[in-house]
Each structure stands twice: as C-alpha cells, then as structure tokens.
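Analysis of the macromolecular model
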Amino acid sequence: MNPQYDLIVIGGGHAGAEAARVAARGGIRVAMVTMLREAIGRMSCNPAIGGLAKGNLVKEIDALGGLMGEATDRAGIQFKVLNRSKGPAVQGPRAQCDRDLYATAVQELLTAEPNLTIVESSVSSLIIDGSAVRGVVLGDGARLSARAVIVTTGTFLRALMHSGEVKRVGGRFGEPSAETLSDSLRALGLELGRLKTGTPPRVDHNTVDFAALEEAPGDKHPRPFSILTDALPQPQILCWLTYTSAFAHELIRANLHRAPMYSGQIQAIGPRYCPSIEDKVVRFAEKERHQVFVEPEGLQHPWLYLNGISTSLPPDVQDAVVRSLPGFANAQIARYGYAVEYDFVNPEQLDATLQVRGVDGLWLAGQINGTSGYEEAAAQGLLAGINALQAIRGGEPVILRRDQAYAAVMIDDLVTHGTTEPYRMFTSRAEHRLLLGCDSVYERLSPVASQLGLLDAERQRRVEQRIARMSRAVATGTIELRPDRETIAWLAGAGLELSAQTTVEKLLQRPNVDIDRLVAAAENAQPEFAAAFRALSEDEREGVVSRLRYAGYIERQQREAERLRADEALRIPQTMTYALPGLSREMTEKLTHVRPASLGQASRIPGVTPAAIAILRMHLRRGERVA
C-alpha cells in the first residue's frame, strides 16, 4: 500500500486544527478535509477563549506547541484573569476575541505548514480494511488513502438544528450536516448517542442603549496566552452586563410548550453547566434574575453576543425576552438562538491516546467524544494528533498523568467513566490542581513536546529562558533573613517587620506582603533577590510568589501524586483477560468494558473495589493472565 497521506484529519474546527498542525509539524503528510475552507477555526458560539480551567487548557496547548494561544493573542479584544481575588489554583485566564480575526489567524497558522494539505469536501464514509481504517471516501466519491484518520466532526454528525417548532438539517447556521459518516463508525462496532448544545441570539449593536448596562472591563494590564507573544496587537474594549427579569421568566414559562427541550421535540441531553435560559428558569425557579454578559463579536462586527440566554425558543418569544432586558427595549435580533442535536461516540470505547480500541488507525477528538467547549476540543485534538503522529513514526504513545495536565484529567475522565452529557472541564475535577497552575505549565509540558521535536527553535528558546528566570527567583526563597539593624531597616521600607530569623519563602507567606515594594526595598540590601525578581514579567513574578507562598501545600500534593505513580506506571496489556481467580463477575465485566491502560486507571473505574485492585496488582506483578 502506498497511501496518498500519512494522516487524514476530518474537520476544521478547534480539534481538527490542532491535530492537523501538530502532526504536520512532526514531519508527516497530513490532509485536513473540511466542508468549507472559510469555516476553518470558526467560533460557533461565543467568540471567547479560556475561563476557569479552560484557560489552563489553552496554556497547556501552548506549552505543547499548539496554536490556540497564538490565535487568541492575534484576535483577543479583551483579556481578563477570572477569580483573581482567589488562589492561583482556581484562577483562569480568558479572552474575548474578534471572531473573524480568530478564524483568520487559525487559517494563516495552518496555511504556513508545508506538510499540510487542506481539502474542501465532505466525508461520506471511512475506508475500512478489516479492523483498520485506511482512508476516507469524499462526498463526490473520490477516495483518499492514509495510514491513519482522526475524526473531529464537532456537532456535525447527523446534526439537526431547532428553533421553536422549526427543524433544519445542519451542524451550524448556514452549514450542512455530515449525514452518513455515523454509519461507518457503527460499522466498526462503535456505540453512538445523541447530545444537544445551543447558542443565544445575536443583537444589532446599534439598537442597544449602553448607558443602561453595567460596564465589564478587562484587566488593566492584559496578559497574552502564548509564550511567543510580546505584545497584543488589537485594541482592548469593553463588555457589559445586564439581567433578565421576572417578566422575562414568566414569558418563558408561558411558552415552555413551544420550547423543543420541553415539548419533546429534542430528546438529547444538553450541557449541565451551560443551560439554556428556559432550563435556568425551570431548574432555578427561585432566582429572580440571571446575568447576561453582553459581548461584542468583533472590533468591526455589528453583532453583540448575549452570553447567558442560550435558547431554542421560537423567534417571537426571543424578541420579547431580549427586549425585556434593561438597555434592549429597541433591540433588533440579527440572528436568533437555536439548539443543535448531533451524534457522539461514548468515549469509554477509546484508549488513553484517544484511539478507538480494537481499530487500527482511527482516533477521535473533540465534541464527537462528548465534550463541550473550544478548549476541551483543542486539547483533545492536539493529543490525538501527537499520538497519531507517534504511531505513524513508530514512537511511544504520549499519555499525560492527572498530576501533569488538565488535559490528562479530561481524557482520563472520558475514557474511564464515559459521559452521558456534554463534559466540561472544571478545576474541581483535578485532585492535584495546585500542581496544574498556569505558572508551571511550561516546566511540566514543554519538555514532552521538545523530546518529540514539536517545538520550533524560537518557542524552545523562550521556554528555556522562562524556566531559568523563574528557577532563579524561586531559589531566592532559601535566603535567610536575620533581625539585624540592616535587615529591619530595608524591610521597614516595604512596610514589614521582623522579630525573628526567617527566610524569603516564609516572609512571602505573610498575607500583607507587597512583592513590588519588597523588591524595591531590597535593591541594595539583597541584590540577588532583587535582581532575580526584576528579571521576571508580571505573570512570572506572580507565579514565583505563588510557588513560594503555597510551597507547603504544593509539596504535599506532590508527595500524594508520587504515591499514586507506582500504580500509574504498572501498565496493563490490551490483551489482558480479567477472568482472574478472586475477581467477581461484576469486577471482571467492569474491567473488560473499560480495558484500563494502567492499574491507576483501573482504580478509578466506578464500582471497582480496592480488593479487586489488590488482586489485579498481584496478577500483574506475577505477569499472569496477559493473554
């Protein structure tokens, strides 16, 4: 066989873009097949990237050489760190983007890859050879052969859009559905289900009274997502805030019989953590109002995105609800909200590399695996692309640990537990979240990408310099401070007192320390400390302070993670049979269904008991029952 390509990526969304680019950068021949070339990188819903835990995913993508952070920095029009008043473990960077500039940035980054070919077409089916996938059949009947395929179809598999009583075939406004590809997946024995997502109405910017809205500015000193970005090119703008009212809620309740989610027209399950406004009104009936963030779709774009009122209610109801919002009495809706139902694959059928178990050459990434959100899709696409690349190159798979990345937590959750509703990443899903902050992401993940040859020289240089700067500053935490006259004098300049011997690390653990004043006061008395901190950027400085301030907690989580690594390192062959002496039929069925890659993953399968894990550990160490 002499395939036309090494890898074919189906889909040009956030997962497809990351998968195609990283594989092409790895030196193999890649084809991205997308229905509309101009739709590559399109933001189907809110033109925003990041948020709580999601922002961490974007930083992880950047540390591994992905493109989402670069594209966001080119298109970002308002940057903000959420939860800034709380600890670093639960903070999340976010950027409102110009949707047209974002898509342009993604397309430019992909076009720059010489090993990547973009094919504008639909995919009607997979080319299946026994238990292997070896290419695709395009909508016009043409065949493209490849050694591997990654499916990143988003919400387009047998997609159906709903707006009130009206149903239309399509995965996104004005774009068709992929109607037959699901059949190929079922032919491989995959179990498919249906999920639902939605989007709110967009309003003409010129029809809104902004004086009636609360201003929601971004950070005074915006921070980029990518280590490659020195300055953000776009002007930073305002967003706004308004609220629904009791009148709007009564209007929605009176029309629930016309809402597809409540009329029975939609059977699929929607996202728990991003519910429609009709769902909010029913589930949170005691609430008198709900926030609505009013967010521009771009610098020159005429539309506003109403974040918080996703809906599939009929247009006349949407008109009335929107015009009941303060500041929107004369608002004109430019595009009505709608819901989309689509096929997804239960992710329990994948292994930890996102390859379909028992099928050679097939990976799945993004919303097809039951996730919700651009960032979750992009992180899956990147890791699926890396693992497809490794398989083609004959290298070892890349499986990140749960104490190493939020992306690892997400993938492990999906393949171990599966999902029956759209999965969204939260910091609370990570048991080692103190280890997963944005400040340490390049130390944790860039060496992985570097070893695989995925970092260009400039990114590699910047990563190494950042790590070196922060390491020097962290090392100053061991500097001892004695309560002598000189030390007491310069600390007084920072508004601090010292009555007993301490270290810089312990000093920074005081709640009232202003690091900028401390560095300025230390200029002559502690030049090593002052120089190390002066060399840091603002976010690097905050990262170092956090590491020193929370050092005890971080070390405790590191010890806990290390204790679990022995079980993660004990790999389970895919040929393992679980009909083991001492295991009940229930345990055998659960383990056989998931087919965990390690003893650690086996321990996280719901219902698998500690006793069953002990039996499995014993047999693995003896090397029994492998085949």
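1. Quick word on the nonpolar core
Residues Leu7, Ile8, Leu126 and Leu362 are the most contacted members of the largest nonpolar core, which totals 106 residues. When residues in this core are grouped by element, the largest group, 11 residues, is from helix H10 (residues 374-393). Ignoring sequence-local partners within four residues, the contact set of Leu126 consists of Ile10, Val133, Gly135, Val136, Val149, Leu181, Ser184, Leu185, Leu188 and Leu362. The next biggest cluster of nonpolar side chains, apart from the first, holds 25 residues, and it includes Leu496, Leu498, Val519 and Val544.

2. Points about the packing of H10 against helix H11 (residues 406-417)
Where H10 contacts H11, the axes come no closer than 10 Å and their chain directions differ by 85 degrees. Put simply, H10 runs roughly perpendicular to H11. Contact residues: H10 offers Glu376, Ala379, Gln380 and Leu383, while H11 offers Ala407, Met410, Ile411 and Leu414. For the contact of H10 with H11, the residue count by class is six nonpolar, one polar and one charged.

3. Overview of unusual backbone geometry
Unlike most non-glycine residues, Asn83 shows phi in positive territory, near 60 degrees. Here Asn83 shows up in the loop between strand S4 (76-82) and strand S5 (92-97). Using a relative accessible area of 25% as the deciding quantity, one classes Asn83 as partly exposed. Its identity as a non-glycine residue notwithstanding, Arg595 has a phi of 50 degrees, on the positive side. Here Arg595 lies in the loop between helix H20 (585-594) and helix H21 (599-603). On the basis of relative accessible area, Arg595 is assigned to the buried category, the value being 18%.

4. Examining the sheet that holds strand S19 (residues 338-345)
With antiparallel pairing, four strands are arranged side by side in an open sheet as S11-S10-S19-S12. Since the sheet does not close on itself, it has two edges, and those belong to strand S11 (166-169) and strand S12 (192-199), each with one partner. Sheet twist, expressed as the mean angle between neighbouring strand axes with direction ignored, is 25 degrees.

5. Some details on the sheet that holds strand S3 (residues 48-50)
Within the open sheet, the three strands sit side by side as S3-S5-S4. Their pairing is antiparallel. Among the strands making up the open sheet, the edge pair consists of S3 and S4. The average undirected angle you get between the axes of adjacent strands in this sheet is 20 degrees. As defined by bridge partners, S3 adjoins S5 across three bridges and the pair is classed as antiparallel. When the bridges of S5 are listed, Gly50 appears paired with Arg94. Sheet contacts for helix H2 (residues 54-63): S3 and S5; angle to S3, the most-contacted strand, approximately 80 degrees. Together, S3, S4 and S5 form the strand contacts of helix H3 (residues 68-75), whose direction differs from that of S4 by roughly 115 degrees.

6. Description of the pattern of salt bridges
Close approach of charged atoms allows side chains of opposite charge to pair. By the definition in use, this model includes 50 salt bridges. The closest approach of N and O atoms between Glu540 and Arg466, which form a salt bridge, is 3.9 Å. Remark: Arg466 occurs in helix H13 (residues 457-475) and Glu540 occurs in helix H18 (residues 538-549); sequence separation between them is 74 residues. According to the relative accessible area criterion, Arg466 is buried, its value standing at 5%. Within this structure, Arg21, Arg25, Asp62, Glu70, Glu113, Asp456 and Arg459 form a network of salt bridges that share partners.

Parameters and conventions
- Residues numbered from 1 in each chain as written.
- Predicted model: local features only at pLDDT ≥ 70, side-chain atom pairs only at ≥ 80, totals over all residues.
- Heavy atoms only, no water.
- Core = buried A, V, L, I, M, F, W, Y, C linked by side-chain atoms within 4.5 Å.
- Buried < 20%, exposed > 50% of the residue type's maximum accessible area, 1.4 Å probe, protein only.
- Helix = DSSP H or I, 4+ residues; strand = E, 2+ residues; numbered from the N terminus.
- Contact = heavy atoms within 4.5 Å.
- Axes fitted to C-alpha atoms, helices over the stretch in contact; angles between N-to-C directions.
- Parallel < 35°, antiparallel > 145°, perpendicular 65-115°, else oblique.
- Nonpolar A, V, L, I, M, F, W, Y, C, P; charged D, E, K, R; others polar.
- Pairing = 2+ DSSP bridges.
- Salt bridge = Lys/Arg side-chain N within 4 Å of Asp/Glu carboxyl O.

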